[in-house]
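# Descriptive analysis of the structure
The primary structure of each chain is shown beneath.
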4 protein chains.
Amino acid sequence: MKYGIVGSSGRMGRELIEVFGPENCVATISLEDETILDSPEVIVDFSRPEALKRTLEVCREYRSALVLGTTALTEDHMVQVKELAQSVAVVQGYNFSVGIGVLRMILRQYAPALSEWDVEISETHHIHKVDAPSGTAITLKKEVGRDCPTHSLRMGGVPGDHSVSFANEGEVLTLTHRAISRKVFAMGALQAARFAIGQQPGLYDFEEVVSCALKR
Amino acid sequence: MKYGIVGSSGRMGRELIEVFGPENCVATISLEDETILDSPEVIVDFSRPEALKRTLEVCREYRSALVLGTTALTEDHMVQVKELAQSVAVVQGYNFSVGIGVLRMILRQYAPALSEWDVEISETHHIHKVDAPSGTAITLKKEVGRDCPTHSLRMGGVPGDHSVSFANEGEVLTLTHRAISRKVFAMGALQAARFAIGQQPGLYDFEEVVSCALKR
Amino acid sequence: MKYGIVGSSGRMGRELIEVFGPENCVATISLEDETILDSPEVIVDFSRPEALKRTLEVCREYRSALVLGTTALTEDHMVQVKELAQSVAVVQGYNFSVGIGVLRMILRQYAPALSEWDVEISETHHIHKVDAPSGTAITLKKEVGRDCPTHSLRMGGVPGDHSVSFANEGEVLTLTHRAISRKVFAMGALQAARFAIGQQPGLYDFEEVVSCALKR
Amino acid sequence: MKYGIVGSSGRMGRELIEVFGPENCVATISLEDETILDSPEVIVDFSRPEALKRTLEVCREYRSALVLGTTALTEDHMVQVKELAQSVAVVQGYNFSVGIGVLRMILRQYAPALSEWDVEISETHHIHKVDAPSGTAITLKKEVGRDCPTHSLRMGGVPGDHSVSFANEGEVLTLTHRAISRKVFAMGALQAARFAIGQQPGLYDFEEVVSCALKR
C-alpha cells in the first residue's frame, strides 16, 4: 500500500510512518514542506485543521482515499470533506482505537440485558490531561444508555485506561480497555487505510471499519 | 410467583429460598420429606440425580414449569426431562450465572473481530476446586473459537473469577467476570423461573433466558 | 482452644462459630440466653454495646481473655474494658481483616518513598453501604500520609474492595485488598484469640496481632 | 547535573537523554563516535559490554560517577568496575524501576506475615519477550521466600506487568506493578545519577538508591 502522511514530522506522524512501514511512504506533506515521489493510494492526516486544504487537494489530484483523524474541524471543513467523499473513500473518526470501537459496540448491544445491574465507569489518564471525564468515557456512557457514576483518575503517565463495570448482588462483569501507547491509534489508522482502499467513494465512520472486520 | 424447591435443606436450596423469597415457597421436596401447601407455578431443582424422579412427578401433577440445575444427569434422565418438556416449560443449564451467559454471547460474536489479537484466559478459584481449568474456562475458550493459553490460579476462598484478555501491539481489551458468592446462581435461577412461567412447553437452555432478557 | 461467643445467634456470631470450630465452643452468651459448659480460655464478642456488661463479668469470672470487635462503644464502656485488661489480655479492633492490617503497615512505611508519585484510592462496596468513602479508605488515606483523591463505587453485592495506586511517568504500583466474605473478620478474630491466650494482661490493638505474626 | 551518555544513538540512549534533559548532556560516547564538551559529573551506560572499556576510561579521566545498567557483563568486566569504584561512586543494577525496587522490599519484609496464605505470581509481557517467567518474576519469587505458581502471559505490546497475589479463605491482597514504557528505567537511572553524585566512592546496588529515598 503506497501512502502519504500529512504532518510527518510531528509525534503522531512519525508513529504512523513506523506502523505503516517507512518503505511504502511515497508522500510527506506539511505546511512547510512537501515531497511526493509516487501516486499515493491513501493519504493519512492526523494533523491540524490548517493542513486540511492541501490534504484535500492532494487526494483529489491523485484520487487517493483519505483517513482523517484531525480533530477540531469546523462545519465548513466538513462540507469540503463531504465533497471529496463523492469521488473517493474517506474514513473519519476521532478515536482510532479498534478496541474502543469494539467496546462501544458490545455496550450498545449488551447493556440493555444488564439494565437491572448497577453500572459505573472508571478511567485513568496521565496528569497532563485537562478534561475529565475523558471524551471516550462520555462516549462509553452514551453506549451504556443510562446515566452512571464516572470516576476519573489522573496519575503519572498512564496513556489511557477505561473500565465499565456492571454488578448485581451475586456477580460483577467488567469490560476494560487499556491503551499501551499512542501506537494504538496508528494501528487503527492502518486498518482504516486498508478498508478505504477497497471501498466505493463515500464518507465512512471509523466504527464501520471495526464493524466490517467483525463480519469477515 | 408460587414456587417449590427440591433439596431445600442443602446449601444451594437455602440460598434459592432466600433469593426467591421464603414467603412464596409453597413446596419443599426432598428424598426424606415433602410438604406441598399449594400448587407451585415452578419447581426449582439444583439437587441430585436421585431426586429427579419425584421432581418430574410433581411437575406433571401440578403442571409446574421446571428450572433444572442438577448436574451429572444420565441420558436416561434426559429422556424423561424431554418427555416432561412436552407438557411444561423446562429451563436447563449447568451455569446459571447471567454474567457468564452474557460473556459467552459477547465472545461468540466479537472474538472474530479480534482474530489478529493475542488472547489468553485466566481463572481463579478457591483451593478446594479439584479441576483445572474450570468448566466455565473451557466453555469460554470454545466461544473464543481458537486455542489459547489458559492460566488457573487456586487461592484461598475465591468463589470464581474468569478473565479473557485480548491484546495487540497498542491496546489490551479485557473481559472479566467475578462471582461474589453462590447467590449468583440462585439469582440466575430466579430469572429462569420468571422466564419459564410465561413460556410454551419445551426444553430451553439457560442461555435463551439471558438472550431473551437482551431483546427486551 | 475452648472459647465462648457473645451473640452466637447473629450473622457474625454464626460465622465466628464456623471458623473457630463448633466442637470447641464451650459458652454461648446473649441477652436472652446463656449456656456455659466449661471454662472458656477466650471470649469473642462482635455483638452490641448492650451485651458488654455480661461479657466483662464472664471474662472476670473465668479469667478468660477477650477479643472485642463490638463498635460504637462509649467512653464509659472503654473505662470498663481497660479495667478488665488489668487482669486478662484484651484484643480490640474495629477491622479484623489481617490483609487490611498488613496493607496499613506497608503504606505507613513505604508511602514516604513514593512521595513524588501521584496517589489515588478507590474502594467498591455493595449498594447498601451508606457511608462513602468507607472507614477503611479513610484509614488507608491516613497511612498514605497526604491528601489524595478517593473514589467510592457502590455496586451490587461487593463485600469490599480497596485499592491504593501510586504512579509516576513510567510506572504504576497498586496495592489491592478484596474481602471475599464476612468470614475474613472471623478469621482475624481467630488469629486475635490465639494471640490473646498467650499474652500478659493488657489492652492490645488488633494491629499488634498482625505485627506480631510478622515478626515470627 | 552535567552528564554523559554511552550509546546515545540507541533506543535506550535516546530515552535517557530525553529524561535527563538534552541541555545538560555534555558527552556522547559510542564505539564509532565520541564528543566530550565538558567534564561530566556522571556517566550513564545502558549499552553493551563492548563499550565498557571506554566508559571506565572516561570515568577515570573526568572523575565522573557511573550509573551502569549494562547486562551480560563478565566477571572480568566486574573486576574492572570494582576497581573504578575505589575512586568514584558506581551504581549498578539490572532493573532500574523504582517501583519494582519498592515491591521487592515490601515482599521481603511482609511475605513472612502471610506465610499461611496461598500465593501466586502473574506477569504479562509483549510477545517478543523470549524468556518466561521474566527475570523480574524470578526475583519477586525469591523475595516471597517460598515456591509458588508463576503464570506468564505473552500478549501484544505489553511493556511489563507483574502481580503478586496472596489469598486466604476470606480475603485477597494483591501487589501489582505495571511498567508504562521504557521511560521507567530512564527515570530510575536519573534517580541513581543524583544519588551517585553525592556519594563516597564505592559500588552501590540500585536497591540502595531506592532504600535511601525511603529514609528521607
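Residues numbered from 1 in each chain as written. Chains lettered and ligands numbered in written order. Predicted model: local features only at pLDDT ≥ 70, side-chain atom pairs only at ≥ 80, totals over all residues. Heavy atoms only, no water.

You'll find chain A entered in an unreviewed UniProt entry as 4-hydroxy-tetrahydrodipicolinate reductase, with Dethiosulfovibrio salsuginis given as the organism. Database annotation for chain A, UniProt heading Function (unreviewed entry): "Catalyzes the conversion of 4-hydroxy-tetrahydrodipicolinate (HTPA) to tetrahydrodipicolinate." Within the UniProt record for chain A, the comment given under Pathway (unreviewed entry) is "Amino-acid biosynthesis; L-lysine biosynthesis via DAP pathway; (S)-tetrahydrodipicolinate from L-aspartate: step 4/4." (UniProt positions renumbered as here; feature names shortened; annotations may be inferred.)

## Some details on the UniProt feature "domain: Dihydrodipicolinate reductase N-terminal" (unreviewed entry) in chain A
Feature annotation in UniProt assigns "domain: Dihydrodipicolinate reductase N-terminal" (unreviewed entry) to the following positions: residues 26-96 of chain A. Secondary structure content for residues 26-96 of chain A is 30% helix and 27% strand, and the end C-alpha separation is 23 Å. (Helix = DSSP H or I, 4+ residues; strand = E, 2+ residues; numbered from the N terminus.)

## Quick look at the interface of chain B and chain A
Each side of the interface is counted separately: chain B has 35 residues, and chain A has 35 residues. Between chain B and chain A, roughly 3000 Å² of surface is buried when both sides are summed, and carbon and sulfur atoms account for 62% of that area. Across the pair Glu169 of chain B and Lys183 of chain A runs a salt bridge, and its minimum N-O distance is 3.6 Å. One can count 19 residue pairs in polar contact (both at pLDDT 80 or more) joining chain B with chain A. Those elements giving two or more residues to the side of chain B that touches chain A turn out to be α4 (98-110), β10 (171-179), α6 (183-197) and α7 (206-215) of chain B. Considering only residue class, the side of chain B that touches chain A consists of 20 nonpolar, 9 polar and 6 charged. (Contact = heavy atoms within 4.5 Å. Buried area = accessible area lost by both parts, 1.4 Å probe. Salt bridge = Lys/Arg side-chain N within 4 Å of Asp/Glu carboxyl O. Polar contact = N/O pair within 3.5 Å; in protein donor to acceptor, adjacent residues only side chain to side chain. Nonpolar A, V, L, I, M, F, W, Y, C, P; charged D, E, K, R; others polar.)

## Comments concerning the domain arrangement of chain A
All names here are of chain A. Partitioning chain A into structural domains gives domain 1 (3-96 + 183-215) and domain 2 (98-178). Averaged C-alpha coordinates put domain 1 and domain 2 at centres separated by 28 Å. Contact with domain 1, which involves 10 residues of that partner, is made by 10 residues of domain 2. Summing both sides of the interface, domain 1 and domain 2 together bury roughly 760 Å²; the carbon and sulfur share of this comes to 56%. Here domain 1 is connected to domain 2 by 2 salt bridges. Salt-bridge contacts for Arg104 lead to Glu207; the nearest nitrogen and oxygen are separated by 3.1 Å. Looking at the side of domain 1 that touches domain 2, the elements that each hand over two or more residues are α6 (183-197) and α7 (206-215). The leading source of residues in the side of domain 1 that touches domain 2 is α7, at 5 residues. Here the residues of the side of domain 1 that touches domain 2 sort into 5 nonpolar, 4 polar and 1 charged. (Domains from an automatic or database assignment.)

## Considerations on the relation of the copies chain B and chain D
Note: a rotation about an axis with an accompanying shift along it relates these two copies of the chain. Relative to chain D, chain B is turned by 179° and slid 0.1 Å along the rotation axis, the superposed coordinates differing by an RMSD of 0.1 Å. Such a combination of rotation and displacement between the chain copies is what one expects of a two-fold axis. It is His151 of chain B whose C-alpha, among those of chain B, lies nearest the rotation axis, at 3.3 Å. (Least-squares fit on C-alpha atoms with pLDDT ≥ 70 in both.)

## Some words on the interface of chain B and chain D
Across the boundary between the two partners, chain B contributes 20 residues, which contact 20 residues of chain D. Interface area, chain B with chain D, both sides summed: about 1400 Å², of which 59% is carbon and sulfur. For chain B, the biggest contributors to the area lost against chain D are Glu120, Met155 and Glu169 of chain B; these three give 34% of the whole. Across the chain B-chain D interface, the total number found is 0 salt bridges. Here chain B is connected to chain D by 8 residue pairs in polar contact (both at pLDDT 80 or more).

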